[in-house]
Amino acid sequence: LIVDMEKKGLKVVALYPRSVNDTLSTMERIGEVLGTEASTEASRLVDELHARVNAVLEKTASIPEEERTRIYLELASMGGQTVGSGTISNELIEMAGGKNIFDDTAGNFPAIEELIKERNPQVIVVEDSSQRDNDYFYKKYGVTDAAKNGRIYRIEAGTLTTSPRIVDALEDLARWLHPELFE
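Quick look at the structure, then. Not measured: the values here are computed from a predicted model.

1. Quick notes on the sheet that holds strand 3 (residues 98–100)
Across a sheet, paired strands are connected by hydrogen bonds in the backbone, their directions being either parallel or antiparallel. Here 4 strands make up an open sheet; going across it, the order is 3-1-5-6 and the pairing parallel. Two strands in the sheet have a free side with no partner beyond their single neighbour: strand 3 and strand 6 (152–155). Neighbour to neighbour, the strand axes of the sheet diverge by 35 degrees on average, direction disregarded. Pairing of strand 1 (residues 69–74) with strand 5 (residues 123–127), which is carried by 4 bridges, proceeds in the parallel orientation. Bridge pairing links Tyr 72 to Ile 124 in strand 5. Each of strand 1 and strand 3 touches helix 4 (residues 88–95); the most contacted strand, strand 3, lies at about 145 degrees to it. Strands in contact with helix 8 (residues 166–177) are strand 1, strand 3, strand 5 and strand 6; relative to strand 6, the strand with the most contacts, it is inclined by about 170 degrees.

Following this line, the structure appears as structure tokens:
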């Protein structure tokens, strides 16, 4: 498809961000492609987003591994799958001071309920687009520390994507994982 468009003389820019930094760099690149005014606005926006990311990292980066909050993340937009290493969502969890209970597996995949319970997350985060209400998750994962301590949260749909809203997701995760750092 890209080659066909280029053969027709169209300028094509293909972007595939695979990390938080890639996402921010992509925003700047889109601004450059759109022209001077857009480039200036994109740079301003990306500077603001970097400042917000850095504000979180200043509080979470030095959290020792043993003090990182164990988290299970369920992606309703992916049919209830979870995330492992090598994903932007896993990167966000780590940046927010968390320890993904499935970071020993790569990519997105369906999680096994018994394994979730066995790994005992301290926090459970579900994409808000889930058809299920929070009561469902409290009942399903009632044996976990997350359910016992009232730490099941809903993250706004669309924030765990390669868009400016990715920083909203980071801030939400950080507040839920380490509320004491964000009072």
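2. Some thoughts on unusual backbone geometry
Positive phi values are uncommon outside glycine, yet Asn 120 reaches one of about 50 degrees. Among the secondary structure elements, Asn 120 is positioned in the loop between helix 5 (113–119) and strand 5.

3. Observations regarding the environment of Thr 69
On the secondary structure map, Thr 69 appears in strand 1. By relative accessible area, which is 6% here, Thr 69 ends up buried. Taking the C-alpha atoms as reference points, Thr 69 and Leu 177, 108 residues apart in sequence, are found 5.8 Å from one another. Not counting residues up to four positions away in its chain, the partners in contact with Thr 69 are Gly 97, Gly 98, Lys 99, Gln 122, Val 123, Arg 151, Leu 177 and His 178. Within the structure, Thr 69 has its side chain in polar contact with the backbone oxygen of Leu 177 (distance 2.9 Å).

4. Focus on helix 8
The end-to-end C-alpha distance of helix 8, which contains 12 residues, comes to 16 Å, matching closely the 16 Å that a straight helix rising 1.5 Å per residue would cover. Of all 12 residues in helix 8, 10 are buried; the element is thus mostly enclosed. Residues of helix 8 that are buried include every one of Ile 166, Val 167, Ala 169, Leu 170, Glu 171, Asp 172, Leu 173, Ala 174, Trp 176 and Leu 177, and no others.

5. Re the environment of Met 5
Here Met 5 shows up in helix 1 (residues 2–7). When neighbours within four sequence positions are excluded, Met 5 is seen to be in contact with Leu 10 and Val 12.

6. Quick look at the packing of aromatic side chains
Taken as a whole and assessed by the stated rule, the structure comprises 5 aromatic pairs. Between the aromatic rings of Tyr 72 and Phe 102, the centroid separation amounts to 6.1 Å while the plane-to-plane angle is 75 degrees, which identifies the pairing as edge-to-face. Taken together, the residues span a long stretch of sequence, with Tyr 72 in strand 1 and Phe 102 in the loop between strand 3 and strand 4 (108–109) at a distance of 30 residues. Both residues of the pair, Tyr 72 and Phe 102, belong to the buried class. With centroids separated by 5.9 Å and ring planes inclined at 65 degrees, the aromatic side chains of Tyr 72 and Tyr 141 adopt a geometry described as edge-to-face. Pair noted here: Tyr 72 is in strand 1 and Tyr 141 is in the loop between helix 6 (134–140) and helix 7 (145–148), with a separation of 69 residues, a long-range link.

7. Quick look at the layout of surface pockets
For the largest pocket, the calculated volume is near 180 Å³. Lining the largest pocket, in full, are Leu 75, Ser 77, Met 78, Val 83, Thr 87, Ile 88, Ser 89, Asn 108, Glu 127, Leu 160, Thr 161 and Thr 162. Within the lining of the largest pocket, the residues separate by chemical class into 5 nonpolar, 6 polar and 1 charged.

8. Structural notes on a nonpolar patch on the surface
There is a patch of nonpolar side chains on the surface, built from Leu 1, Ile 2, Met 5, Leu 10 and Tyr 16 and spanning about 540 Å² of accessible area. Residue position: Leu 10 is located in the loop between helix 1 and helix 2 (20–34). Among the residues examined, Leu 10 registers a relative accessible area of 47% and is labelled partly exposed.

9. Description of the pattern of salt bridges
If the charged atoms of two oppositely charged side chains come close together, the side chains can form a pair. Evaluated as defined, the whole model comprises 15 salt bridges. Across the pair Glu 48 and Arg 44 runs a salt bridge whose closest N-O atoms are separated by 2.2 Å. Of this pair, Glu 48 and Arg 44 both sit in helix 3 (residues 36–60), 4 residues apart, roughly one helical turn. Residue class for Glu 48 comes out partly exposed when judged on its relative accessible area of 41%. Between Glu 113 and Lys 117 there is a salt bridge; the shortest N-O distance is 2.9 Å. In this pair, Glu 113 and Lys 117 are both assigned in helix 5, 4 residues apart and thus about one turn of the helix distant. Residue classification places Lys 117 among the partly exposed residues on the basis of a relative accessible area of 22%. Three or more residues are tied together by salt bridges with common partners; here these are Arg 52, Glu 156, Arg 165, Asp 168 and Glu 171.

What counts as what
- Residues numbered from 1 in each chain as written.
- Predicted model: local features only at pLDDT ≥ 70, side-chain atom pairs only at ≥ 80, totals over all residues.
- Heavy atoms only, no water.
- Pairing = 2+ DSSP bridges.
- Helix = DSSP H or I, 4+ residues; strand = E, 2+ residues; numbered from the N terminus.
- Axes fitted to C-alpha atoms, helices over the stretch in contact; angles between N-to-C directions.
- Contact = heavy atoms within 4.5 Å.
- Buried < 20%, exposed > 50% of the residue type's maximum accessible area, 1.4 Å probe, protein only.
- Polar contact = N/O pair within 3.5 Å; in protein donor to acceptor, adjacent residues only side chain to side chain.
- Expected span 1.5 Å × (residues − 1).
- Phe/Tyr/Trp six-rings, centres within 6.5 Å; stacked < 30°, edge-to-face > 60°.
- 1 Å grid on protein atoms, 1.4 Å probe; cavity = no way out; pocket = protein on both sides within 12 Å on 5 of 7 lines; lining within 4 Å.
- Points joined across faces, edges and corners; volume = space filled by probe spheres on them.
- Nonpolar A, V, L, I, M, F, W, Y, C, P; charged D, E, K, R; others polar.
- Patch = residues over 30% accessible without salt bridge, like charges linked within 9 Å, V, L, I, M, F, W, Y side chains within 5 Å.
- Areas by Shrake-Rupley, 256 points an atom, 1.4 Å probe, with all protein chains shown as cover.
- Salt bridge = Lys/Arg side-chain N within 4 Å of Asp/Glu carboxyl O.

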